[in-house]
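A look at the structure
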Amino acid sequence: MAKGYWIGRIDVRDPEAYKAYIETATPAYREFGAKFLVRGGDFDPVEGPARRRNVVIEFPSYEAALACYNSETYQKAKAIRQEFADGELIIIKGNDA
């Protein structure tokens, strides 16, 4: 079974208020088996526009990645994130070969 991944690129406008997003999202991540592979860190924007924060989260399956995003718990967190940050998020199926 292929793993699932969230790939996010984010500019946080209010770091202090953004802490509420992290607190609210953490239970959803735990419930669906999320593992943070990238959480911020140094990077080189070698092609195209960049955002200040990049995140890659691995889930045990693509279905788990989608279920986490669509969960009631994460949707509450998403509303907070969208209030205090701008960015893009994709959910992608990993290569199981």
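Residues numbered from 1 in each chain as written. Predicted model: local features only at pLDDT ≥ 70, side-chain atom pairs only at ≥ 80, totals over all residues. Heavy atoms only, no water.

The next point concerns the side chain of Lys 78. Summarising the element assignment, Lys 78 is placed in helix 3 (residues 72-84). One buried charged residue, Lys 78, remains without a salt bridge, the closest side chain of opposite sign being Glu 83 at 13 Å. Here Tyr 69 takes part through its side chain, which lies 3.1 Å from a polar atom of the side chain of Lys 78. (Helix = DSSP H or I, 4+ residues; strand = E, 2+ residues; numbered from the N terminus. Buried < 20%, exposed > 50% of the residue type's maximum accessible area, 1.4 Å probe, protein only. Lys, Arg positive; Asp, Glu negative; His and termini not counted. Salt bridge = Lys/Arg side-chain N within 4 Å of Asp/Glu carboxyl O. Polar contact = N/O pair within 3.5 Å; in protein donor to acceptor, adjacent residues only side chain to side chain.)

On to helix 1 (residues 15-31), then. Taking 1.5 Å of rise per residue, the 17 residues of helix 1 would be expected to cover 24 Å, and the 25 Å separating its terminal C-alpha atoms lies within 8% of that figure. Of all bends in helix 1, the biggest is about 30 degrees, found at Ala 25, and the proline Pro 27 comes one to four residues later. In this structure, the buried residues of helix 1 make contact with strand 1 (4-12), strand 2 (35-39), strand 3 (53-59), helix 2 (62-70), helix 3 and strand 4 (85-93). With its phi angle positive at about 75 degrees, Gly 33 sits one or two positions after the end of helix 1. (Expected span 1.5 Å × (residues − 1). Bend = angle between axes of the 7 residues up to and from the residue. Contact = heavy atoms within 4.5 Å.)

A few words now on the packing of aromatic side chains. Following the criterion strictly, the structure yields nine aromatic pairs and no others. Arranged with centres 4.8 Å apart and planes meeting at 75 degrees, the rings of Trp 6 and Tyr 74 form a pair that is edge-to-face. Note that Trp 6 is positioned in strand 1 and Tyr 74 in helix 3, a separation of 68 residues in sequence. Both residues of the pair, Trp 6 and Tyr 74, count as buried. (Phe/Tyr/Trp six-rings, centres within 6.5 Å; stacked < 30°, edge-to-face > 60°.)

Let us now look at the sheet that holds strand 4. Strand order in this open sheet of four strands is 2-3-1-4, and the pairing throughout is antiparallel. Strands with a single pairing partner mark the edges of an open sheet, and in this sheet they are strand 2 and strand 4. Each strand of the sheet is rotated relative to its neighbour by a mean of 15 degrees, with strand direction disregarded. Relative to strand 3, strand 1 runs antiparallel, the two being bridged by seven bridges. Looking at strand 3, one finds that Ile 10 is bridged to Arg 53. Relative to strand 4, helix 2 is tilted by about 150 degrees, and along the sheet it contacts strand 1, strand 3 and strand 4. (Pairing = 2+ DSSP bridges. Axes fitted to C-alpha atoms, helices over the stretch in contact; angles between N-to-C directions.)

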